[in-house]
Amino acid sequence: MSFPLYRARRLRRTPQLRALVRETSVRMNHLIYPIFVDETIDEIASIPEMPGQNRVPLGTVDEEIRHLVNTGVRAFLIFGIPNNKDEVASGAYSTQGVVQLALKRIRGSLGNEALLATDVCLCEYTDNGHCGIMQDGVISNDSTLEILAKIAVSHANAGADIVAPSAMMDGQVKTIREVLDQSGLTETAIMAYSAKHTSSFYAPFRGAAQSFPHFGGRESHQMDFHNPNEAMREIRMDIEEGADIVMIKPALGYLDIIHRASQMFDVPIAAYNVSGEYAMVKVAAERKILDERSTVHEILSAIRRAGAGVVITYHARDMAQWLNER
Ligand code: PBG
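Residues numbered from 1 in each chain as written. Predicted model: local features only at pLDDT ≥ 70, side-chain atom pairs only at ≥ 80, totals over all residues. Heavy atoms only, no water.

### Brief notes about the layout of surface pockets
Approximately 260 Å³ is the volume found for the largest pocket. Residue lining of the largest pocket: 19 residues in total, with Ile139, Met169, Ser220, His221 and Gln222 positioned closest to the centre. (1 Å grid on protein atoms, 1.4 Å probe; cavity = no way out; pocket = protein on both sides within 12 Å on 5 of 7 lines; lining within 4 Å. Points joined across faces, edges and corners; volume = space filled by probe spheres on them.)

### Focus on the site of the ligand
As a matter of local geometry, the ligand sits amid 19 residues, with Lys196, Arg206, Lys249, Ser275 and Tyr314 nearest to it. One nitrogen or oxygen atom from the side chain of Asp119 is found 2.9 Å from a nitrogen atom belonging to the ligand. Note that an oxygen atom of the ligand is positioned 2.5 Å from one of the side-chain N or O atoms of Arg206. Protein chains bury 100% of the 410 Å² of accessible surface belonging to the ligand in isolation. When the residues that make up the shell around the ligand are grouped by side-chain class, the tally is 10 nonpolar, three polar and six charged. (Near = heavy atom within 4 Å. Polar contact = N/O pair within 3.5 Å; in protein donor to acceptor, adjacent residues only side chain to side chain. Areas by Shrake-Rupley, 256 points an atom, 1.4 Å probe, with all protein chains shown as cover. Nonpolar A, V, L, I, M, F, W, Y, C, P; charged D, E, K, R; others polar.)

### Here we look at helix H8 (residues 255-264)
Turning to H8, its buried residues are Ile257, Ile258 and Ala261. The buried residues of H8 occupy one face: seen down the axis, they fall within an arc of 100°. In the core, the buried residues of H8 are packed alongside helix H7 (228-241), strand S10 (245-249), strand S11 (269-273) and helix H10 (292-306). (Buried < 20%, exposed > 50% of the residue type's maximum accessible area, 1.4 Å probe, protein only. Helix = DSSP H or I, 4+ residues; strand = E, 2+ residues; numbered from the N terminus. Arc of directions from axis to C-beta. Contact = heavy atoms within 4.5 Å.)

### So, a positive patch on the surface
A surface patch of positive charge is lined by Arg7, Arg9, Arg10 and Arg12. Mapped onto the elements of the fold, Arg7 is located in the segment before helix H1 (15-20). Owing to a relative accessible area of 41%, Arg7 belongs among the partly exposed residues under this scheme. (Patch = residues over 30% accessible without salt bridge, like charges linked within 9 Å, V, L, I, M, F, W, Y side chains within 5 Å. Salt bridge = Lys/Arg side-chain N within 4 Å of Asp/Glu carboxyl O. Lys, Arg positive; Asp, Glu negative; His and termini not counted. Charge placed at Lys NZ, Arg CZ, Asp CG, Glu CD.)

### A closer look at the side chain of Glu241
Along the polypeptide, Glu241 turns up in helix H7. It is Lys174 that comes nearest to the buried, bridge-free Glu241 among opposite-charge side chains, at 7.6 Å. At 2.9 Å, the side chain of Glu241 and the backbone nitrogen of Lys174 are in polar contact. In this structure, Glu241 is in contact with Gly171, Gln172, Val173, Lys174 and Arg177, ignoring residues within four places of it in sequence.

See the structure below:
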């Protein structure tokens, strides 16, 4: 069917026609909003590296979540900033840890109104900023697994719906699934950071979460971004180990990985639209170089179109507002 029989512009004529034939959409039920709960502050504190985002004190986290739920945000990914850091990240799995207390507080006042996921890693809780237990200058995979399992169980016991292991240790999904099941936590889902790449785009997050490694980098465990086949292998392994949702991170430079994974696997795919990707848009919008609302809509649509069912994004807060205004 070629011109003049087929005229593509016919279906672009009115907003209603364009909406009728639209193939993908972005709705709040697809989005997870990351939130930083900070035990060291009493007042909400803005994050300079991530304009528009805040660190929230533990004491008022339930009020903050209530407000966000009322505007339409439904799902949250909780990160904690603890009072104390040590060699073994004990603050990460303590029943009195910042994330555990936050979960209890939010569940206590919101019940099941909010979907609560937690990041399961050590880097915010170790005094050296690393994602695992150091032995002779390297991260010990298998001793870190034990800690990750303890963290996951403590989060699940405190009320997490989903635990999201992000340390990129081999075997982390299997270990966590087994220990959750042995603890009777069979209904807690695992969203695995499966293809988490070594990326410059995490820098604003590390400022916000105070999790910069004090020496070295994260290349020994995070993926090399040159390797799409390896990404598929990581994702396949996590599915075999029991992941309910697999994640690709970052999102924007990785749409090819998202697309390939969505064609290859039949589990829900999540994409993490990370702090650096957020910061680029916010700074350009502040300088009026980009229109924020339309740019964000285009970016989130592209991630969904690539094949992500779930998008983790700092833009979720603004998206809720914009969708309400429509
Ligand atoms: C690890 C973790 C990181 C991010 C999410 N979980 C930081 C890292 O790997 O250094 C980055 C998220 C972002 O940049 O938005 N706990």
